[in-house]
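Residues per chain, in single letters:
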2 protein chains.
Amino acid sequence: MAKAPVLTPQAEDFPRWYQDVINKAELADNGPVRGTMVIRPYGYGLWERMQAELDTRIKAAGARNAYFPLLIPQSYLAKEAEHVEGFAPELAVVTHGGGKQLEEPAVVRPTSETIINEYFAKWVQSYRDLPLLINQWANVVRWEMRPRVFLRTTEFLWQEGHTAHASYEDARDFAALIHTDVYADVMTNILGIDVVLGRKTPSERFAGAINTLTLEAMMGDGKALQMGTSHELGQNFARAFDTRFLGRDGERELVWQTSWGASTRMVGGLIMSHGDDNGLRVPPRLAAVQAVVLAIKGDEAVLARVREIGAQLAAAGVRVEVDDRTDVPFGRRAVDWELKGVPVRVEVGPRDLEAGTAMLARRIPGGKEPVAIDALPSVVPTALEEDQETLLRQSRERRESRTFDVRTIEEAAEAAKSGNWARLPWSEVGAEGEKRLAEDAATVRCLVAEDGSVPVSDDAPGTLAVVGRSY
Amino acid sequence: MAKAPVLTPQAEDFPRWYQDVINKAELADNGPVRGTMVIRPYGYGLWERMQAELDTRIKAAGARNAYFPLLIPQSYLAKEAEHVEGFAPELAVVTHGGGKQLEEPAVVRPTSETIINEYFAKWVQSYRDLPLLINQWANVVRWEMRPRVFLRTTEFLWQEGHTAHASYEDARDFAALIHTDVYADVMTNILGIDVVLGRKTPSERFAGAINTLTLEAMMGDGKALQMGTSHELGQNFARAFDTRFLGRDGERELVWQTSWGASTRMVGGLIMSHGDDNGLRVPPRLAAVQAVVLAIKGDEAVLARVREIGAQLAAAGVRVEVDDRTDVPFGRRAVDWELKGVPVRVEVGPRDLEAGTAMLARRIPGGKEPVAIDALPSVVPTALEEDQETLLRQSRERRESRTFDVRTIEEAAEAAKSGNWARLPWSEVGAEGEKRLAEDAATVRCLVAEDGSVPVSDDAPGTLAVVGRSY
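A quick note: this is a predicted structure, and the numbers were derived from the prediction, not measured.

*Asks:* Quick question: what am I supposed to make of the pattern of salt bridges here?
*Replies:* Where charged atoms of side chains with opposite charge meet at close range, the side chains can pair. Residue and element names in this part refer to chain A. One pass over the full model with this rule turns up 68 salt bridges over all chains. Taking the shortest distance from any N to any O, the salt bridge between R363 and D276 comes out at 2.6 Å. One end of the pair, R363, is in the loop between β18 (357–362) and β19 (368–372); the other, D276, is in the loop between α8 (265–274) and β15 (291–295), with 87 residues separating them in the sequence. Here D323 makes a salt bridge to R333, at a shortest N to O gap of 3.0 Å. One end of the pair, D323, is in strand β16 (residues 320–323); the other, R333, is in helix α10 (residues 330–339), and ten residues separate them in sequence. Connected through salt bridges with shared partners, the residues E410, K417, R436, E439 and D440 form a single ionic network.

Here it is in structure tokens:
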């Protein structure tokens, strides 16, 4: 008799599979206020590791962390016309504080460009103060009509970087640096997720930006997920807040700005990129637990041995956990670690001890085989390196095999409807083509150059549009 | 002619000195919504290092990080009677979201006991799920009528731990573990701040707790600052939210809980503990920059040498920054590093190079002397170790020399009015005595046992009350 699956199979219902993974692997719960989420320890552990990897690279790019208030006077939002138009429908508004109605309502930040410019305008005096490179780790609130855990939540966690520069070129180059050296590096080399780097079309840009750089990943069902964005803000916010500096020439000039963000949405992207019908698969470089050593039975010799193996793996540089909870049936624990996507399980029972071996179960390629216990400190790190490469390769192969070069907007719409991506000349699409795609719930995910680089402008010759449905 | 001081001298006006340090050392600005603050990079750097030190110890105590929503349905707060009474006057209320009035207003969390219990009640089923040990790093909002940057702000950053246990004893011991092994350890051994560990009197307890453990530090002006608290919540929230577990005996019992928090207020405590008329003094173990190597002039040989010294100090394990901004006058940079409290400055000019020496300026004991450049990699780490001890010793000496053993409540009130602390038998104070102290703006900061340990109950024989004014 076949075992009933713990999760809805992906092929049956991908969104339900996603929700099942989140519940069963104890990643998150829905919050009580519509669209909010509770991030449970295992899910938060994934985010914490993403944070650490991003933070190191953000600091290496020269930015320093700071913190701006959650509550923004409503009038600030209105100062930049496109910005308020973009965010007004999503705002949460505090009207009462300390038992009284507020004279001016405050909005819970949906993003911090406005409040940050209020301070940049004070802090920036001369060209010597530039570039000013700030990042903050924060929660933001955008009222969400169709919430989905990690992907679209009323409150989410993110980092938002905000910088001011003396010239257009400096700002442009910094936005690009974050795009490649921070975001693409973490997503590719840590998360093991293949990403297409491109620029957004004018209609898909951030509200208030002159250019939005994006990283688009293909999920297991062929839909796209925007994993992070880096914006050139031009002088739009500088003009609205009069953020100026005294140049070397003695003139007071407006600064050029960027902003860039990546959020807990990445956790959703990780699940949908690598997960399979048995649950999550966590890339070893991200995993807080890379290997778990399980005692099959509560036998003294077994318990002593699993602890010893744990110590040996830790000494070999593996992030390891020992599971000696033998009052919980072994099968249940094994399924749980599989659901949670821990790359390597080392399973040890009394019979294994006699043979001097342990069962090595590998989550990412799948399969199980006996390995000499003495060999584990060399076998496990090698397995983890392979697994990291495997996930990225599978992610890349999926994207490549499911992206089709087409010639017409109709063919592109058709590809998107079938759960694939299409690539076609942007000159064949344009604003009119974007409307046509919207009828089939598809969008231009980004524009790319023929050689795969990021186009320097919206109308650079040879620019291609990547089309798909998205989360 | 004497130089005009950059800061208001402490002796002249301590609160104004505090505000001056915050402005001139670029630690924080006031936010636009009353009582909020902008934490600038140098101030945030102090907080980041505090976070890292706390986080390591919180994890070592067995807790795991998670994240609960910012927005809490208003009805949740009302479930625990003392809790809502304590927090109702300070709440910020979101009445509109996504352009519509909400059916039920949501409060911006002032603390998370209520929303966390809603989930603990779901997650805890059996004794096997206990202890459940959770921590979160978050912002909270409490509307503040008399705000002061870092000390009392409408929004602040903190960690809040929340745990559930199977017995009263387990919960009590865990609250005590956090009190000593997390908070006291970080404050004493990293922040270099002497803290008195005690319990709060019933009237000073957290709203909803059966016992509040506190850490009280004496600031430079003799006032007390509560640096962190760890609460035994008993079964109050468990009862309100029906948080129960199936015991080994088959009975469904209420859990026993704790909560504990430390916040950005610690940054204020650091400033007021160690600062002097020249600015901040940062303890080396906390400092993101322990030593700065300054080029006095933009001479090629000098610049090459400061970079070399920087690399040598880094190799010796010192967190070092090279200041080669020779387009800014040397004097201004030196004053700025002094204001920011960097423990060691190594100053190098052309004449020093000839002599093979550099000037070693030490912020904590004060003073400057030439040191052979070759000796720096051994001299600087030793100096930093000394400085760490010096700050703690000075903090302890201040508290000891300004704490007076008295016999009556009148004497205690008098001591507090003079900017000192008094210690007297708690039996001489009681609830009536607390009212008398309040007339002189003094409070019982905490109760301690005669041997300096934490009393096991409010009425343990020989319990002493520590009295002072506070922030």
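Here the narrative resumes.
*Asks:* How should the sheet that holds strand β18 (residues 357–362) of chain B be read in this particular structure?
*Replies:* All names here are of chain B. Pairing is mixed across the open sheet formed by five strands, whose spatial order is β16-β15-β17-β18-β19. Because the sheet does not close on itself, it has two edges, and the strands there are β16 (320–323) and β19 (368–372). Across this sheet, the average inter-strand angle for adjacent strands is 25 degrees, counted without regard to direction. Taken together, the four bridges between strand β17 (residues 344–348) and β18 define a ladder with antiparallel strand orientation. Each residue of the ladder has a partner; that of R345, found in β18, is A361. Its contacts with the sheet put helix α9 (residues 300–315) on β15 (291–295), β16 and β17, and the angle it makes with β15 is roughly 170 degrees.

*Asks:* Hey, could you run me through the interface of chain B and chain A in this one?
*Replies:* How big an interface is tends to be stated in terms of accessible area lost as the parts join. With 53 residues of chain B in contact, the opposing surface of chain A contributes 54 residues. If you sort the residues of chain B by the area they bury against chain A, B:P32, B:P41 and B:Y67 come out on top, with a joint share of 14%. Summed over the shared surface of chain B and chain A, the number is four salt bridges. Applying the counting criterion to the chain B and chain A interface returns 24 residue pairs in polar contact (both at pLDDT 80 or more). In the side of chain B that touches chain A, the residues fall into 32 nonpolar, ten polar and eleven charged. With five bridges connecting them, strand β5 (residues 92–97) of chain A and strand β5 (residues 92–97) of chain B associate as antiparallel partners. In the sheet register, A:A92 faces β5(B), and the bridge partner there is B:G97.

*Asks:* What is the right way to read the packing of aromatic side chains from this model?
*Replies:* Ring pairs (aromatic) are described by centroid distance and by the angle formed between their planes. Counted under the stated rule, the structure contains 22 aromatic pairs over all chains. Their ring planes at 50 degrees and their centres at 5.9 Å tell us that A:Y119 and A:W123 sit as a pair that is tilted. One end of the pair, A:Y119, and the other, A:W123, are both in helix α5 (residues 113–123), four residues apart, so they sit about a helical turn from each other. Of the two residues, A:Y119 and A:W123, neither departs from the other in class, the shared state being buried. Each ring, one from B:W47 and one from B:W137, has its centre 5.9 Å from the other, and the planes form 70 degrees; the classification is edge-to-face. In this pair, B:W47 is assigned in helix α2 (residues 41–60) and B:W137 in strand β7 (residues 132–141), connecting sequence segments 90 residues apart. Judged by relative accessible area, which is 14%, B:W137 ranks as buried.

*Asks:* How should I be thinking about the relation of the copies chain B and chain A in this particular structure?
*Replies:* Two chain copies here: they are related by a rotation about an axis and a translation along the same axis. For the pair chain B and chain A, the relating rotation is 180 degrees, the translation along its axis is 0.0 Å, and the fit reaches an RMSD of 0.0 Å. Both copies of the chain, as the preceding transformation shows, are related through a two-fold rotation axis. When C-alpha positions in chain B are compared against the rotation axis, the closest is assigned to B:V94, at 2.1 Å. In this assembly the copies share their binding face: 100% of the residues contributing to the interface of chain B also contribute to that of chain A.

*Asks:* What is the right way to read the UniProt feature "domain: Aminoacyl-transfer RNA synthetases class-II family profile" (unreviewed entry) in chain A from this model?
*Replies:* Sequence positions flagged by UniProt for "domain: Aminoacyl-transfer RNA synthetases class-II family profile" (unreviewed entry) are, in local numbering, residues 34–283 of chain A. The annotated region residues 34–283 of chain A carries 32% helix and 32% strand content, and the separation between its end C-alpha atoms amounts to 31 Å.

*Asks:* Just to check I follow, could you spell out the environment of B:Q51 for this structure?
*Replies:* Residues and elements named next belong to chain B. Within the secondary structure layout, Q51 lies in helix α2. In this structure Q51 comes out as buried when scored by relative accessible area, which is 18%. Spatially, the C-alpha atom of Q51 lies 29 Å from that of V84, the residues being 33 residues apart in sequence.

*Asks:* Mind showing me how you'd approach helix α9 (residues 300–315) of chain A here?
*Replies:* Every α-helical turn comprises 3.6 residues, leaving residues that sit three or four positions apart pointing alike. All names here are of chain A. Helix length check: α9, at 16 residues, gives a terminal C-alpha distance of 23 Å against a target of 22 Å (1.5 Å per residue), a fit within 8%. All of the buried residues along α9 are V302, L303, V306, I309, G310 and L313. One side of α9 carries all its buried residues, which in axial view fall inside an arc of 125 degrees. Of the residues in α9, the exposed ones pointing more than 90 degrees away from the buried face are E300 and A315. Buried-residue contacts for α9 involve β15, β16, β17 (344–348), α11 (350–355) and α12 (376–401). Where α9 begins, the side chain of D299 points an oxygen toward the backbone nitrogen of A301, at a separation of 2.9 Å. Just beyond α9, the residue with positive phi is G317, at close to 90 degrees.

*Asks:* Looking at this model, I keep getting lost on the domain arrangement of chain A. Mind explaining?
*Replies:* All names here are of chain A. Once the domains are mapped, chain A shows domain 1 (14–274), domain 2 (291–383) and domain 3 (403–468). Relative to domain 2, the C-alpha centre of domain 1 lies at a distance of 40 Å. At the interface, five residues of domain 1 touch five residues of domain 2. Here domain 1 and domain 2 share an interface that buries about 470 Å² over both sides, 55% of which is from carbon and sulfur atoms.

*Asks:* What is the right way to look at the sheet that holds strand β6 (residues 100–108) of chain A in this model?
*Replies:* Overall, antiparallel pairing links the six strands, which are arranged β4(A)-β6(A)-β5(A)-β5(B)-β6(B)-β4(B) in an open sheet. The sheet is open, and its two borders are formed by β4 (71–73) of chain A together with β4 (71–73) of chain B, each paired with just one other strand. Taken over all neighbouring pairs, the strand axes of this sheet differ in orientation by 45 degrees on average, direction set aside.

*Asks:* Just to check I follow, could you spell out the environment of B:E434 for this structure?
*Replies:* All names here are of chain B. You can see E434 is positioned in helix α14 (residues 430–439). A residue is classified by how much of its surface remains accessible, and E434, at 14% relative accessible area, is buried. Along the backbone, E434 and E204 are 230 residues apart, and their C-alpha atoms lie at a distance of 10.0 Å. A distance of 3.0 Å separates the side chain of E434 from the side chain of S203, its partner in a polar contact.

*Asks:* How do you make sense of the packing of helix α1 (residues 14–24) of chain A against α8(A) when you look at a structure like this?
*Replies:* The relative placement of two packed helices is expressed as an angle between their axes plus a distance between the axes. All names here are of chain A. Between α1 and α8, the shortest axis-to-axis distance is 11 Å and the interhelical angle comes to 115 degrees. Judged by the sense of rotation from one axis to the other, the crossing of α1 with α8 is right-handed. Contacts between α1 and α8 involve F14, W17, Y18, V21 and I22 from the first element and G268, I271 and M272 from the second. By residue class, the composition of the contact of α1 with α8 is seven nonpolar, one polar and no charged.

*Asks:* How do you make sense of the side chain of B:T264 when you look at a structure like this?
*Replies:* All names here are of chain B. Assignment of secondary structure puts T264 in the loop between β14 (256–263) and α8 (265–274). Judged by its relative accessible area of 0%, T264 falls in the buried class. Among all residues touching T264, those that are not within four sequence positions of it are M37, I39, W47, F150, F156 and L157.

What counts, and where the lines are drawn
- Per-chain numbering applies: the sequence of each chain, read as written, is numbered from 1 onward.
- Chains carry letters and ligands carry numbers; both start at the beginning, A for chains and 1 for ligands, and go up in the order they are written.
- Only residues with pLDDT of at least 70 are given local features in this predicted model, and only at 80 or more are side-chain atom pairs given and counted; all residues enter the totals for whole chains, interfaces and linings.
- The basis for every side-chain value is the complete set of non-hydrogen atoms in the structure, without hydrogens or water.
- Here, a salt bridge means any side-chain nitrogen of Lys or Arg that lies within 4 Å of a carboxyl oxygen of Asp or Glu.
- Put simply, DSSP H or I for four residues or longer makes a helix, DSSP E for two residues or longer makes a strand, and each gets a number counted from the N terminus.
- Note: two strands are recorded as paired if DSSP finds a minimum of 2 bridges between them.
- Geometry is summarised by axes, namely lines fitted to C-alpha atoms with helices restricted to the contacting stretch, and by angles between N-to-C directions that run from 0 to 180 degrees.
- For this analysis, residues touch if any pair of their heavy atoms sits within 4.5 Å.
- In short, buried area is how much 1.4 Å probe accessible area vanishes from two parts on joining, totalled over both.
- Any N or O atom pair separated by 3.5 Å or less is treated as a polar contact, with the protein-specific requirement of one donor-capable and one acceptor-capable atom, and with residues adjacent in sequence counted only for side-chain atom pairs.
- Under the scheme applied, nonpolar residues are Ala, Val, Leu, Ile, Met, Phe, Trp, Tyr, Cys and Pro; charged residues are Asp, Glu, Lys and Arg; polar residues are all the others, including Gly.
- Classification of ring pairs uses Phe, Tyr and Trp, with its six-membered ring standing for Trp, and accepts pairs whose centres are within 6.5 Å; under 30 degrees between planes counts as stacked, over 60 as edge-to-face, and the remaining range as tilted.
- Buried, partly exposed and exposed residues are distinguished by accessible area as a fraction of the type maximum, computed with a 1.4 Å probe on protein chains only: under 20%, between the cut-offs, and over 50%, respectively.
- Least-squares superposition aligns the copies on the C-alpha atoms of those residues with pLDDT at or above 70 in both.
- UniProt positions are given in the numbering used here, feature names are shortened, and annotations may be inferred rather than shown by experiment.
- Multiplying 1.5 Å by the helix residue count minus one yields the expected span of that helix.
- This arc describes the spread of directions from the helix axis toward the C-beta atoms.
- Domain delimitation follows an automatic or database domain assignment.
- By convention, the crossing between two helices is left-handed when the near helix turns anticlockwise from the far helix through less than a right angle, and right-handed when the turn is clockwise.

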